[in-house]
Amino acid sequence: MLPTSLLRAFLLAATATLGTARPSWPHFTVGQEHVEVLSMRAAMPLNPAAVYDVTCVDASLRIVFHDENVAQLSICGGISGSNTRCAGGPQSTEAQSASAKFTLAPVTPGAVLNISKVRWEQCVRAARAICPTGSMAGTCRGGASNGDVKFSLEKP
Ligand SMILES: *[C@@H]1O[C@H](CO)[C@@H](O)[C@H](O)[C@H]1NC(C)=O
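The paragraphs below set out a description of the structure included in this document. (Residues numbered from 1 in each chain as written. Predicted model: local features only at pLDDT ≥ 70, side-chain atom pairs only at ≥ 80, totals over all residues. Heavy atoms only, no water.)

**Topic: the overall build of the protein**
- Scanning the protein from N- to C-terminus turns up four helices and five strands.
- Going from N to C terminus, the protein has its helices and strands arranged as α-α-β-α-β-β-α-β-β.
- Counting the 156 residues in the protein, one finds 38% classified as buried.
- Taking the contacts inside the protein whose residues are at least 6 apart along the sequence as the reference set, 73% of them involve residues at least 24 apart. (Helix = DSSP H or I, 4+ residues; strand = E, 2+ residues; numbered from the N terminus. Buried < 20%, exposed > 50% of the residue type's maximum accessible area, 1.4 Å probe, protein only. Contact = heavy atoms within 4.5 Å.)

In structure tokens, the structure reads:
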């Protein structure tokens, strides 16, 4: 039979484990963007043609889905809410949130970014269908003033 003190220690350890395993929501600091991405994912059909030249760089890197969503909506200074495309015609953009960092640039020299939120979302979604986890790179079809847009997703 187990000594009571040992049993008590076991129960304490089990309780502590349960405590840390509890889901850590609410993470509502970025609610608007997060809800927006999730609703787009639910509504938008997968369009495999939205991306090409996809490389799964390191599938073992743990890029947190939530971070990826936030970074995804933070390109070009933010494309959530009423911004429906990359504004201001930048030559490149970077967007980072914790474990996720996107970098985008037009393929065609001299072109500027003009990617719409829908096109960008379709591009990342199609790339994630090929590379479900980790870092990746690819080319979104269209999305620049002229031609396509190269992107990478890294863990910074
Ligand atoms: C960006 O795309 C919009 C919609 O297609 C277009 O009206 C606008 O002229 C484009 N801007 C640039 C700089 O290409």
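**Here we look at the site of the ligand**
- Neighbouring the ligand are Arg85, Asn114 and Ser145.
- Contact distances for the ligand include 3.2 Å between an oxygen atom and a side-chain N or O atom of Arg85.
- Asn114 is positioned with one of its side-chain polar atoms (N or O) 2.3 Å from an oxygen atom of the ligand.
- Out of a free accessible area of 360 Å², the ligand has 35% covered by protein chains. (Near = heavy atom within 4 Å. Polar contact = N/O pair within 3.5 Å; in protein donor to acceptor, adjacent residues only side chain to side chain. Areas by Shrake-Rupley, 256 points an atom, 1.4 Å probe, with all protein chains shown as cover.)

**So, the pairing of strand β2 (residues 93-97)**
- With burial as the criterion, only one face of β2 is covered, namely that bearing Thr93, Ala95 and Ser97; the residues Glu94 and Gln96 on the opposite face remain uncovered.
- Bridge analysis of β2 against strand β3 (residues 100-106) gives five bridges, and the strand direction is antiparallel. Residue pairing for β3: Glu94 is matched across the bridge by Thr103. (Pairing = 2+ DSSP bridges.)

**Some points on the nonpolar core**
- Counting residues in hydrophobic clusters, the biggest one holds 28 residues, and the most contacted among them are Ile75, Phe102, Leu104, Trp120, Met136, Cys140 and Phe151.
- Every element with two or more residues in this core is listed here: β3, α4 (117-130), β4 (135-143) and β5 (148-154).
- Per-element tally for this core: the top contributor is α4, with five residues.
- Leave out the neighbours within four places in its chain, and Phe151 touches Val51, Phe102, Thr103, Leu104, Trp120, Cys123, Ala127, Met136, Ala137, Gly138, Thr139 and Cys140. (Core = buried A, V, L, I, M, F, W, Y, C linked by side-chain atoms within 4.5 Å.)

**Some words on the sheet that holds β3**
- Taken in spatial order, the five strands make up an open sheet running β1-β4-β5-β3-β2, and their pairing is antiparallel. Looking at strand neighbours, the two that pair on one side only are β1 (51-58) and β2, the edges of this open sheet. In this sheet, adjacent strand axes meet at a mean angle of 15° when their direction is disregarded.
- Bridge count between β3 and β5: six bridges; the pairing is antiparallel. If you follow Thr103 over to β5, its bridge partner there is Ser152.
- This element, α4, spans β1, β3, β4 and β5 of the sheet and lies at about 140° to β4. (Axes fitted to C-alpha atoms, helices over the stretch in contact; angles between N-to-C directions.)

**A short note on unusual backbone geometry**
- Positive phi is not limited to glycine here, since Cys76 has a value of about 55°.
- Tracing the backbone shows Cys76 in the loop between α3 (65-72) and β2.
- Positive phi, close to 50°, is recorded for Ala98, a residue that is not glycine.
- Along the chain, the position of Ala98 falls in the loop between β2 and β3.

**Regarding α3**
- Across the eight residues of α3, seven count as buried, placing the element largely inside the fold.
- Taken residue by residue, α3 has His66, Asp67, Glu68, Asn69, Val70, Ala71 and Gln72 as its buried positions.

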